[in-house]
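# Analysis of the macromolecular model
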Amino acid sequence: MTLAIFDLDNTLLAGDSDHAWGEFLVEEGMVDAEEYKRANDRFYQEYLNGELDVFHYQRFVLAPLTRHNLEELEGWRAAFMAKKVQPMMLDKAVRLLADHRERGHTLMIITATSRFITEPIAEMLGVDHLIATEPELVNGKFTGEVAGTPSFQEGKVERLNDWLTAHGESLEGAWFYSDSHNDLPLLRKVDNPVAVDPDPTLEKTAIENGWAVISLRA
């Protein structure tokens with residue numbers, strides 16, 4: 001198979017679903033507004049700076065999930081999809097996915113954001129294969145910890161390699177689309193790296209290496 005791999009936040013979406021989930025919790029009064037918003041914004045800036053401690057961040061993100069049952073959380077998530085995710089959908093992203101699908105490519109989203117948040121987004125986009133950070137679930141309850149390796153920076157390469165081994169596949173001819181310099185480890189592994197509405201560091205690297213640079217927003 002030829003893989004067409006996509007980062008999610010600020011690539012296929014016009015925004016960051018992880019950060020938007022935090023905003024949603026604040027707006028709905030589910031967390032202490034001032035404290036949570038301050039921490040959520042700080043972590044997002046650390047991500048943009050390439051300085052994020054992903055385990056520390058994931059414990060922060062997953063903590064609210066530990067205080068509620070799965071049925072209640074799924075109800076919140078449905079409201080979040082309507083309120084926050086739908087407005088971030090991009091027509092050009094949908095068309096790009098359709099183009100790769102028509103070419104017979106196997107579509108995959110690989111994201112540092114948790115599966116709890118991103119699984120329904122992947123389903124909405126019609127992407128069957130999702131590699132996301134896995135929140136630990138024990139006896140139907142979230143523990144607040146990460147299960148295995150978070151799919152962030154080099155962790156995306158590790159998780160993708162595990163997937164390739166399990167499926168007997170390779171990265172030959174693969175595409176990877178991303179907006180972020182945090183994804184440079186994986187961008188450097190594929191035959192067709194594409195910078196999408198890139199941050200300044202990724203844009204500079206893409207130009208220096210002759211990679212394609214596109215916009216799904218313009």
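Coordinates for the structure precede this section.
Just so you know, these numbers come straight off a predicted model, no measurement behind them.

## Here's the deal with the overall build of the protein chain
Secondary structure summary: the protein chain contains 10 helices and 7 strands in total. Its C-alpha radius of gyration of 17 Å places the protein chain within 12% of the 17 Å reference for a compact globule of 218 residues. When its C-alpha atoms are laid out on the principal axes, the protein chain stretches across 45 × 35 × 30 Å. Relative to its 218 residues, the protein chain shows a buried fraction of 51%. Restricting the contact set of the protein chain to residue pairs at least 6 apart, pairs at least 24 apart contribute 59%.

## A word on the side chain of Gln58
Among the structural elements, Gln58 can be located in helix H4 (residues 54–62). Overall, the relative accessible area of 0% leaves Gln58 in the buried class.

## Concerning the packing of aromatic side chains
Summed over the entire model, instances satisfying the criterion amount to 13 aromatic pairs. Seen in terms of ring centroids, Phe6 and Tyr177 are 4.8 Å apart; in terms of plane orientation they differ by 5 degrees. Their pairing is stacked. Of this pair, Phe6 sits in strand E1 (residues 3–6) while Tyr177 sits in strand E5 (residues 175–178), placing them 171 residues apart in sequence. Pair check on accessibility: Phe6 and Tyr177 agree, each one buried. Each member of the aromatic cluster is reached from another via a ring pair, and the members are Trp21, Phe24, Phe80, Phe116 and Phe142.

## Notes on helix H6 (residues 91–102)
Taking 1.5 Å of rise per residue, 12 residues should cover 16 Å, and H6 covers 16 Å from first to last C-alpha, within 8% of that figure. Considered for burial, the residues of H6 that qualify are Ala93, Leu96, Leu97 and His100. Looking down the long axis of H6, one finds its buried residues gathered within 100 degrees of arc, a one-sided arrangement. For H6, exposure combined with an orientation more than 90 degrees from the buried face picks out Asp91, Arg95 and Glu102.

## Brief notes about the environment of Leu70
Relative to the helices and strands, Leu70 resides in helix H5 (residues 70–85). On the basis of relative accessibility, which here comes to 27%, the residue Leu70 falls in the partly exposed class. As a C-alpha pair, Leu70 and Asp18 span 52 residues in sequence and 18 Å in three-dimensional space. Other than its neighbours up to four places away in sequence, Leu70 contacts Gly140 and Phe142.

## A few points about the pattern of salt bridges
Scanning all chains against the criterion turns up 15 salt bridges. Across the salt bridge formed by Glu134 and Arg115, the nearest N and O atoms sit 2.7 Å from each other. Of the two residues, Glu134 sits in strand E3 (residues 129–138) while Arg115 sits in helix H7 (residues 115–125), which places them 19 residues apart along the sequence.

## A few points about the nonpolar core
Membership of the largest hydrophobic core comes to 51 residues, with the highest contact counts inside it found for Phe6, Leu12, Trp21, Ile109, Ile121 and Leu125. Ignoring sequence-local partners within four residues, the contact set of Phe6 consists of Leu12, Leu96, Leu97, His100, Leu107, Met108, Ile109, Ile110, Phe176 and Tyr177. Ile5, Met108, Phe176 and Val190 belong to the second largest nonpolar core, which has 20 residues in total.

The rules behind these values
- Every chain is numbered independently, its residues counted from 1 as its sequence is written.
- With pLDDT at 70 or above as the cut-off, local features in this predicted model cover only qualifying residues; side-chain atom pairs require 80 or more to be listed or tallied, and sums for whole chains, interfaces and linings still use all residues.
- As a rule here, side-chain values come from all non-hydrogen atoms in the structure, and water together with hydrogens is ignored.
- Numbering of helices and strands starts at the N terminus; helices are DSSP runs of H or I of at least 4 residues and strands are runs of E of at least 2.
- The globule rule is 2.2 Å times the number of residues to the power 0.38, and the radius of gyration it is compared with is taken over C-alpha atoms.
- Accessibility here uses a 1.4 Å probe with only protein chains present; expressed as a share of the type maximum, an area under 20% marks a residue as buried, one over 50% as exposed, and anything in between as partly exposed.
- Contact criterion: two residues are considered in contact whenever any of their non-hydrogen atoms come within 4.5 Å of each other.
- Under the pairing criterion, centres of Phe, Tyr and Trp rings, with the six-membered ring standing for Trp, must be within 6.5 Å; the plane angle then separates stacked pairs below 30 degrees from edge-to-face pairs above 60, leaving the rest tilted.
- Here a helix's expected span is defined as the number of its residues, less one, multiplied by 1.5 Å.
- The arc in question is the one traced by the directions running from the helix axis out to the C-beta atoms.
- For this analysis, a salt bridge means a side-chain nitrogen from Lys or Arg found within 4 Å of a carboxyl oxygen belonging to Asp or Glu.
- Nonpolar cores were defined as sets of buried Ala, Val, Leu, Ile, Met, Phe, Trp, Tyr and Cys residues, with membership established by side-chain atoms within 4.5 Å.

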